[in-house]
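# Residue-level structural notes
Residue strings, one per chain:
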Amino acid sequence: MKQTWFNAAWLIALVLGLTLSGVLAFSVWSRLGALDTAQQDQREWLFSQLEVEYLKLVEAVHHVEFDENDDLDDLRKRFDVFYSRVKIAETVSKTISGPINGIGVLRADLDAFIPLIDGPDDALRAQIGTFGDALETRRHVAREIALASIAMDAEASQSEREQIIFLIETLVSAIIFVTAFLIGAIFILFRRSKSLRLATQDAEFTGERLNSMLRASLDAVIVVDEFGTILETNGSAKAVFKYDHDEMLGGSLIDLLVPERYRGRLNSYFENYRSTGETLIADQGRVEWKMIDKAGREFSAEVVATRVRSDEKNMFVTYVRDITDAKEKEAEILQRRDEALAAYKEKSRFFAMMSHEMRTPLNGVISALQLLDDGNLDDTQRKYLAAAETSGDILLGHINDVLAIERIETDEGAEPSPVDIATLTATIFGAMTPFADVSGVRFHLDQAGLDDRLVMTDPRALQQILVNLLSNAIKFSPDGDVTLASRFVDAQGVMVFEVKDTGIGISQEDVQLIFDDFVSLDSSYQRRTGGTGLGLGIVKRQVRRLDGTITCTSELGHGTVFRVELPAQDVTGLHVNSTTESVSDKALGRAHSLPAQSCLVVDDNTVNRELLQAMLEQLGHHAVVAKSGPEAIELAQKSAFDVILMDISMPGMSGIEATQAIISGTGPSRTAPFIAVTAHALPQQRAEFRAAGLSGFIEKPLRRNTLIQVLYESCAGLKNDIKDADNDAVDQDTDLLDMDQISEVIEVIGVEKFNTQLQKFLIQSEQDLAFINTRERLCDIREHVHAFAGACAVMGARQMHHIGRDIQDACDAGASDRVCDLLGLMSQTWSQTRLELQHLVMDQDVKVLN
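Presented here is a report on the structure given in the accompanying data block. Since this is a predicted model, take the numbers as computed values, not measurements. (Residues numbered from 1 in each chain as written. Predicted model: local features only at pLDDT ≥ 70, side-chain atom pairs only at ≥ 80, totals over all residues. Heavy atoms only, no water.)

## Concerning the nonpolar core
Using the following cut-off: The nonpolar core is taken to be a set of buried Ala, Val, Leu, Ile, Met, Phe, Trp, Tyr and Cys residues, with the residues joined through side-chain atoms within 4.5 Å. For every residue, the accessible area obtained with a 1.4 Å probe (protein chains only) is divided by the maximum for its type, and the residue is called buried under 20%, exposed over 50%, and partly exposed between those limits. Here a residue-residue contact requires only that any non-hydrogen atoms of the pair lie within 4.5 Å.
L616, L645, L707, F761 and I807 are the most contacted members of the largest nonpolar core, which has 50 residues in total. In this view, L645 contacts C599, L600, V601, V602, L612, L616, I675, V677, I698 and L707; residues no more than four positions away in its chain are not counted. Counting residues in hydrophobic clusters, the runner-up holds 39 residues, among them A422, M432, L450 and L536.

See below:
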């Protein structure tokens, strides 16, 4: 824009300069032309001739008066000539700027003598003296007229010369200005020409480099217009599609390169862009699409399209990569993964079976050995019996260690609860004291760094960590000292446990190996103490589960120190549960420990709202429901809620937007804990929930125990991860229905209301499926499948729920082919699921409760 204004100003200045020079040159030329005429000379001659004719007339009068000449005709002729000169002079004097005095007087005198001149000769001779005297009296007038005209002409000439000089000087200045301007313009144009030449060279170089990159690209590059006509391709396009360059130019991308069953959809995309300007594939990132080559081979392709706008037309630059090999490798990897998972599950089943098959007879053997000691054995028999009992205990310990590793690796995570560390360490100290006494170990408990606070941790895992460390310390410090020290480091927000012993120590080289499985550092240790070498491996795994760290400091002959640091989240004041409680017992205990809460339930699905409301009220809480984000914001502005349970995917305004609006507002509920209620959430989505201010998460289908746990932790100000109600992968052999979920829903809302809700669900689901199958855009499919899958989860349609989750993942990945396949599977599965659910409605005995 600045360059355009500069060019316009430069052009205007040049035109004005040239115009001014032209006007000045014309003015100078005109005035010089005027000087070249005889007008001024004629005027000077006229006035000077007036005096000459006057003198001739006086001379003619004197000739007659003194009888020198009696020619009256000559006198009259001189009078007429003089009279005509005066008359002409009078006319000319009116055209000049300055006044010439006396001409009028002469004219008046002459007019008075006209009768005498035109009269008889005698009368003229008689009055010739008077006539002569009158002329003599006007002699000075003729002289003055001549002199005045000369002066005026001189003055006019001077003025004309001055004006011409001024015009010439102005013209020269204008010429100099225009010349300088033109020189400057030539210089600027030269500079610009040079810059343009360099820019052109750079553009040519860049274009050539770009063309080289496109030619060398392994991806096929296809440029099409808004009608799908191919405008340009690169060399790789021939390798991918088997068409020559000329065969593709001017052809239709849709007709040449897209399978027939997808052409209608792609045509609709181009038509939508031409009518609305909205792109459905371009600038949307990578999408997976089916394409065909010249031979008709259909293959999977990864497509990235970019829109390029120009004044003439809109174009799309499309990058196509054949991912057939990648898909095959991916399928192979998935197969290997499935095989590995199957092997892992088989290993778990093997350990479970071996746990039963080995522990049961081993317990029988140990019990039988104990029963043999009836007091009638001799010393030899008692010695053999003691050896058998010791071997049995050692073997049972080995089995327990191996199974402990298996349990830790298959466990999804720690189960934190409020723990009094001082009480826990004192209990462990008391339990380990008899073992220390047997080995002659002096056992010490240091709780100087503890107080009565409660921290959130997994007490079972912490107990296993400390027991294993203390057991090792007691084993390798006979007749020595072992100390268990505990303290809080508030500045770092951690709790620190140290197990110190004065035993034989560990070399620096071996310190790096002690946490590996099945490692015994010295054969003498193994003979002396026994063991599988799994104890510290178990400790390391449990510390990692608790997000902590463990270090070892030791020196041969000078003892060892194990230091464990774990996160310390202070929850003083909360109810402490026993470590031996079951999950249900924990949930019930926490339900009773919570005061009645005022809860806001936000969900666009009626079934979800009513079920969640019924669960909360059954637990003794008060629930208010909202069916949309704006309604939730309005309620949160008016009332103070203790907890807000927020559905994430809702039409119009999402749960994240509603949460942020409430938090940023001024209502009394802006500081309440927010719990996300979602049918499916990927890890990156969960991070987005946390960033939006949601501190708790529940994954559908809703379970009462999960709800109790999340309410308990949210009201305590604790952050929790998403509680997955059913995260295990479900294949087609899995039961269609989740009978546990259905039983819990019936328990909460009753059989009659369940049947009513189920009838509504069946009718609505038929409509939802028909609507979903008419959608073409992946974003629309995902939005409606998300809501439908959530309803399926609540009503116990297990397979439908998991298929819906897979469809959402495929939509997020842009895998349109997989979406199509899954939609077909969903329709097939729904037919079977609907029959099963209808059977439940007719089953008046409601056997699921049993």
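## Details of the sheet that holds strand 10 (residues 494-501)
For clarity, the cut-off: Strand pairing is assigned whenever DSSP detects at least two bridges linking the two strands. Only DSSP runs of H or I covering at least 4 residues are called helices, and only runs of E covering at least 2 are called strands; the numbering of each starts at the N terminus. Lines fitted to C-alpha atoms define the axes, with helix axes restricted to the stretch in contact, and inter-axis angles between N-to-C directions lie between 0 and 180 degrees.
Taking strand neighbours across the sheet as the criterion, the five strands line up as 7-9-10-12-11 in an open arrangement whose pairing is mixed. Single-partner strands in this sheet number two, and they are strand 7 (442-449) and strand 11 (549-554). Strand-to-strand, the axes of this sheet are offset by a mean angle of 15 degrees, without reference to chain direction. As defined by bridge partners, strand 7 adjoins strand 9 (residues 481-489) across six bridges and the pair is classed as parallel. Bridge assignment links H444 to a residue of strand 9, and that residue is T483. The strands that helix 15 (residues 459-475) touches are strand 7, strand 9, strand 10, strand 11 and strand 12 (560-567); relative to strand 10, the one it contacts most, it runs at about 20 degrees.

## Regarding the sheet that holds strand 2 (residues 230-233)
Taken together, the five strands give an open sheet; going across it, the order is 2-1-5-4-3, and neighbouring strands pair in antiparallel fashion. The sheet is open, and its two borders are formed by strand 2 and strand 3 (287-292), each paired with just one other strand. Within this sheet the neighbouring strands show an average axis-to-axis angle of 35 degrees, counted without direction. Alignment of strand 4 (residues 298-308) against strand 5 (residues 315-322), held across eight bridges, turns out to be antiparallel. Note on strand 5: the bridge partner recorded for A301 is D322. Its contacts with the sheet put helix 11 (residues 260-276) on strand 1 (220-225), strand 3, strand 4 and strand 5, and the angle it makes with strand 3 is roughly 120 degrees.

These figures capture arrangement, not role.
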